[in-house]
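Breakdown of the fold
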Amino acid sequence: MSKPIIIAVDETKFSTLKKIVDSLDSNLCIIKIGSVSFNSIGLEAVSYVASKGFEIFLDLKLHDIPNTVKKSIEGLVSLPICMMTIHTSGGIEMMKAAKNAVNGSGIKIFGVTALTSLSDKDTRSIFRRNSSDQVTAMLDLAEEVGINGVVCSPHELELVAERKSLMSIAPGIRLTESMDDQKRVMTPKEAIAKGADYIVIGRPITSSKNIHAALLKIHDSL
């Protein structure tokens, strides 16, 4: 795992995205392009990040009927991306369709288990079970289908570690106590210690006065 750090660049203006990307180091991190940048800037965002030598994690969290997800991914596989996301709650057939759509491309499929913005109260309201039980249920589905890995909060990493076939991406990484919309958070070093293959860090780095120094500090701490 040479580059466990994934930097989330969620910008609506190309000039801001460019400024952030230019401050990062492709030897130290992967860049995540999510729906914010992809919907606002489009393919230009992907092309620019790739041109700077970064591996790209396309985080669109696809969630639809199997045929729609399959066709959506078929329209994305030609992009210079190495990983992408779907929602595991879309079910086994949807995940199979996603897996088939990337066949031969080298792109890894990761399934989102439960959003890190959801508390136990939220998951009980939505799924009628706490976050750990929801993640466990989604891990069962992901393992059955054989996708490459899952996205889960750092607090569920130990559950993923029990599934040897699944890699893990942990968002909700914070350097200090979080006062934002993320509920289930952890520091970078703690998340790696709990078995995360990749950690996703956004605002703590991209909003820093010195983006490169902030990235280097976290990289060195790991």
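Further up the page is the structure itself.
Scope of this entry: the structure provided in the associated data block. Please read all numbers here as calculations on a predicted model, not as lab measurements.

**A word on the sheet that holds strand E4 (residues 83-87)**
- Taken together, 8 strands build a closed barrel; the order of strands is E1-E2-E3-E4-E5-E6-E7-E8 and the barrel is parallel. Strand-to-strand twist of the sheet, defined as the mean angle between neighbouring strand axes without regard to direction, takes the value 25°.
- Two strands pair when backbone bridges link them, and strand E2 (residues 30-34) and strand E3 (residues 56-62) are joined in this way by 4 bridges, in the parallel orientation. If you follow Gly 34 over to E3, its bridge partner there is Asp 59.

**Regarding the side chain of Thr 113**
- Structurally, the position occupied by Thr 113 is in the loop between strand E5 (108-112) and helix H6 (120-127).
- The exposure class of Thr 113 is buried, given its relative accessible area of 4%.
- A distance of 2.7 Å separates the side chain of Thr 113 from the backbone oxygen of Val 151, its partner in a polar contact.
- The residues contacting Thr 113, other than those within four sequence positions of it, are Thr 88, Gln 134, Val 135, Met 138, Leu 139, Val 150, Val 151 and Cys 152.

**Describing the side chain of His 87**
- Mapping His 87 onto the fold places it in strand E4.
- His 87 has contacts with Lys 61, Leu 62, His 63, Met 94, Val 112 and Leu 115, leaving out every residue within four places of it along the chain.

**Here's the deal with the pairing of strand E1 (residues 5-8)**
- Residues Ile 5 and Ile 7 line one face of E1 and the alternating positions Ile 6 and Ala 8 line the opposite face, and both faces are buried.
- Two strands pair when backbone bridges link them, and E1 and strand E8 (residues 198-201) are joined in this way by 3 bridges, in the parallel orientation. For Ile 5, the partnering residue across the bridge sits in E8 and is Ile 199.
- Where E1 meets E2, 3 bridges bridge the pair, whose relative direction is parallel. By the bridge assignment for E2, Ile 6 is matched with Ile 30.
- Between E1 and its parallel partner E2, the chain crosses via helix H1 (residues 14-23), and the hand of that crossover is right-handed.

**Observations concerning helix H5 (residues 92-101)**
- Among the residues of H5, those classed as buried are Met 94, Met 95, Ala 97, Ala 98 and Ala 101. Considered in projection along H5, the buried side chains sweep an arc of 155° and stay on one side of the axis. Pointing more than 90 degrees away from the buried face of H5 are the exposed residues Glu 93 and Asn 100.
- Against the buried residues of H5 lie E3, helix H4 (66-74), E4, E5 and helix H7 (131-145).

**Things to note about the packing of H5 against H7**
- Where H5 meets H7, the axes come as close as 10 Å, and the angle between the chain directions of the two elements is 45°. By the angle between their axes, H5 is oblique relative to H7. In the crossing of H5 with H7, the sense of the turn from one axis to the other is right-handed. The residues of H7 that touch H5, namely those facing Ile 92, Met 95, Lys 96 and Lys 99, are Leu 141, Ala 142, Glu 144 and Val 145.

**Observations regarding the pattern of salt bridges**
- Within this structure, the stated rule accounts for 10 salt bridges.
- Asp 59 is paired through a salt bridge with Lys 61; the nearest N and O atoms lie 2.7 Å apart.
- What makes Asp 59 buried here is its relative accessible area of 7%.
- Residue Lys 61 is classed as partly exposed on the basis of its relative accessible area, which comes to 30%.
- Between Glu 158 and Lys 194 there is a salt bridge; the shortest N-O distance is 3.1 Å. Highlighted residues: Glu 158 in helix H8 (residues 157-161) and Lys 194 in the loop between helix H9 (188-193) and E8, separated in sequence by 36 residues.
- The class of Glu 158 is partly exposed, set by a relative accessible area of 48%.

Calculation criteria
Residues numbered from 1 in each chain as written. Predicted model: local features only at pLDDT ≥ 70, side-chain atom pairs only at ≥ 80, totals over all residues. Heavy atoms only, no water. Pairing = 2+ DSSP bridges. Helix = DSSP H or I, 4+ residues; strand = E, 2+ residues; numbered from the N terminus. Axes fitted to C-alpha atoms, helices over the stretch in contact; angles between N-to-C directions. Buried < 20%, exposed > 50% of the residue type's maximum accessible area, 1.4 Å probe, protein only. Polar contact = N/O pair within 3.5 Å; in protein donor to acceptor, adjacent residues only side chain to side chain. Contact = heavy atoms within 4.5 Å. Right-handed = clockwise from strand over helix to strand, strands pointing away. Arc of directions from axis to C-beta. Parallel < 35°, antiparallel > 145°, perpendicular 65-115°, else oblique. Left-handed = near helix turned anticlockwise from the far one by under 90°. Salt bridge = Lys/Arg side-chain N within 4 Å of Asp/Glu carboxyl O.

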